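Chain residues, written in single-letter form:
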Amino acid sequence: LNMAPAWSADGSSLVITLSIDGNPDLYLMGRDGEIIRQLTKNEGINVSPSWSPDGSKLAFVSDRSGAPQIYVMDIQTKSVKRITYVGNYNTTPAWSPKGDLIAYSGHHEGRYHIFVIPPEGGRPTRLTRLWGDHESPSWSPDGRQIAFSRNRDGEQKICVIFKNGAGLRVLFDWDGNESMPQWSPRPAM
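Residues numbered from 1 in each chain as written. Predicted model: local features only at pLDDT ≥ 70, side-chain atom pairs only at ≥ 80, totals over all residues. Heavy atoms only, no water.

Visitor: For this particular structure, what's the right way to read the overall build of the protein chain?
Guide: The secondary structure content of the protein chain amounts to 0 helices and 16 strands. Against the globule reference of 16 Å for 189 residues, the protein chain gives a C-alpha radius of gyration of 16 Å, in line with a compact fold. Dimensions of the protein chain along its principal axes, counting C-alpha atoms only, are 45 × 45 × 30 Å. Out of the 189 residues in the protein chain, the part that is buried amounts to 46%. Relative to all contacts within the protein chain whose residues are 6 or more apart in sequence, the contacts with residues 24 or more apart total 26%. Of the roughly 9,900 Å² that the protein chain leaves accessible, carbon and sulfur atoms contribute 50%. Considering the protein chain, the positive charge centre built from 20 side chains and the negative charge centre built from 20 side chains are found 7 Å apart. (Helix = DSSP H or I, 4+ residues; strand = E, 2+ residues; numbered from the N terminus. Rg over C-alpha atoms; globule rule 2.2 N^0.38 Å. Buried < 20%, exposed > 50% of the residue type's maximum accessible area, 1.4 Å probe, protein only. Contact = heavy atoms within 4.5 Å. Areas by Shrake-Rupley, 256 points an atom, 1.4 Å probe, with all protein chains shown as cover. Lys, Arg positive; Asp, Glu negative; His and termini not counted. Charge placed at Lys NZ, Arg CZ, Asp CG, Glu CD.)

Visitor: Is there a simple way to explain the sheet that holds strand E12 (residues 125-126) in this structure?
Guide: Either a parallel or an antiparallel arrangement is found when strands of a sheet pair, and the pairing is made through backbone hydrogen bonds. Ordered in space as E9-E10-E11-E12, the 4 strands form an open sheet in which the pairing is antiparallel. The sheet is open, and its two edges are formed by strand E9 (90-95) and E12, each paired on a single side. Both strand E11 (residues 111-117) and E12 contribute to a ladder of 2 bridges, which runs antiparallel. Counterpart to Phe115 in the pairing with E12 is Arg126. (Pairing = 2+ DSSP bridges.)

Visitor: In this structure, what is going on with the side chain of Glu178? I would like to understand it.
Guide: On the secondary structure map, Glu178 appears in the segment after strand E16 (169-170). A polar atom in the side chain of Glu178 sits 2.9 Å from the backbone nitrogen of Ile158. Those residues in contact with Glu178 that lie beyond four places of it in its chain are Ser149, Gln156, Lys157, Ile158 and Phe172. (Polar contact = N/O pair within 3.5 Å; in protein donor to acceptor, adjacent residues only side chain to side chain.)

Visitor: Looking at this model, I keep getting lost on a negative patch on the surface. Mind explaining?
Guide: On the surface, Asp153, Glu155, Asp173 and Asp175 cluster together into a negatively charged patch. Looking at the element boundaries, Asp173 is found in the segment after E16. (Patch = residues over 30% accessible without salt bridge, like charges linked within 9 Å, V, L, I, M, F, W, Y side chains within 5 Å. Salt bridge = Lys/Arg side-chain N within 4 Å of Asp/Glu carboxyl O.)

Visitor: Please explain the sheet that holds strand E15 (residues 155-162) as it appears in this structure.
Guide: What the 4 strands build is an open sheet, ordered E13-E14-E15-E16; its pairing is antiparallel. In this open sheet, the two strands that pair with only one neighbour each are strand E13 (133-139) and E16. Where strand E14 (residues 145-152) and E15 come together, 8 bridges link them in antiparallel fashion. Counted as the bridge partner of Arg150 is Lys157 from E15.

Visitor: Help me understand the packing of aromatic side chains in this model?
Guide: Each aromatic ring pair is characterised by the separation of its centres together with the angle its planes make. According to the stated counting rule, one finds 4 aromatic pairs in the structure shown. Ring geometry for Phe60 and Tyr71: centres 5.8 Å apart, planes at 25°, overall stacked. Within this pair, whereas Phe60 is found in strand E6 (residues 57-62), its partner Tyr71 is found in strand E7 (residues 69-74), the two being separated by 11 residues in sequence. Seen from their ring centres, Phe172 and Trp174 are 4.2 Å apart, and the 20° between their planes marks the pair as stacked. The ring of Tyr71 carries Arg64 above its face, with NZ or CZ at 4.9 Å from the centroid. (Phe/Tyr/Trp six-rings, centres within 6.5 Å; stacked < 30°, edge-to-face > 60°. Lys NZ or Arg CZ within 6 Å of the ring centre and 35° of its normal.)

Visitor: Before we go on, may I ask you to explain the pairing of strand E3 (residues 25-30) in this structure?
Guide: The side chains of a regular strand alternate between the sheet's two faces. Most of E3 sits out of view: 6 of its 6 residues are buried. Bridge analysis of strand E2 (residues 13-18) against E3 gives 6 bridges, and the strand direction is antiparallel. Along E3, the bridge assignment pairs Val15 with Leu28. Following E2, the chain reverses through 6 residues before pairing antiparallel with E3; Gly22 in that reversal takes a positive phi of roughly 95°. Two elements, E3 and strand E4 (residues 35-38), share 3 bridges in a ladder whose sense is antiparallel. Among the inter-strand pairings, Leu28 is bridged to a residue of E4, identified as Arg37. As consecutive antiparallel partners, E3 and E4 are separated by 4 residues, and within that stretch Gly33 has a phi angle of approximately 90°, a positive value.

Structural data, given as structure tokens:
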């Protein structure tokens, strides 16, 4: 299991899931592909890394507790804290540009919904309320909106919602399925 990386904000390094020793663990790598250090070690599956805006922390998914949950790691000390306790399947964390919230997809009442939670943990806020499965959140560069993929009856569309849960709308009405949205970075001024 080798999965797509998360690049640091300055582009100098990335965190990637590799199964070097058989267990999917997170590794910090340089741009040259050289491993700088292993961040997790044989504690369940460790995937979906997302950097904090200041590059000091990493949100990721691990099933070390028995089911996929969101954890936050201090990159320097490698200390880890579980932050999700509501729901038995929480995945795809995305750190807000201000660093004050982490958006994620969580299984709740038989469907996947978009939630936000402070990086310290606490009570999550459910943003999506309509039927369908809502997955793969991605923050707008200004931190006001979250894009995600909504699946209804096998049809996937890219939607956006404000961070307070208001204004959900479908962005495109194209043929075919749309998934895994990513905002382009804010252009340099």
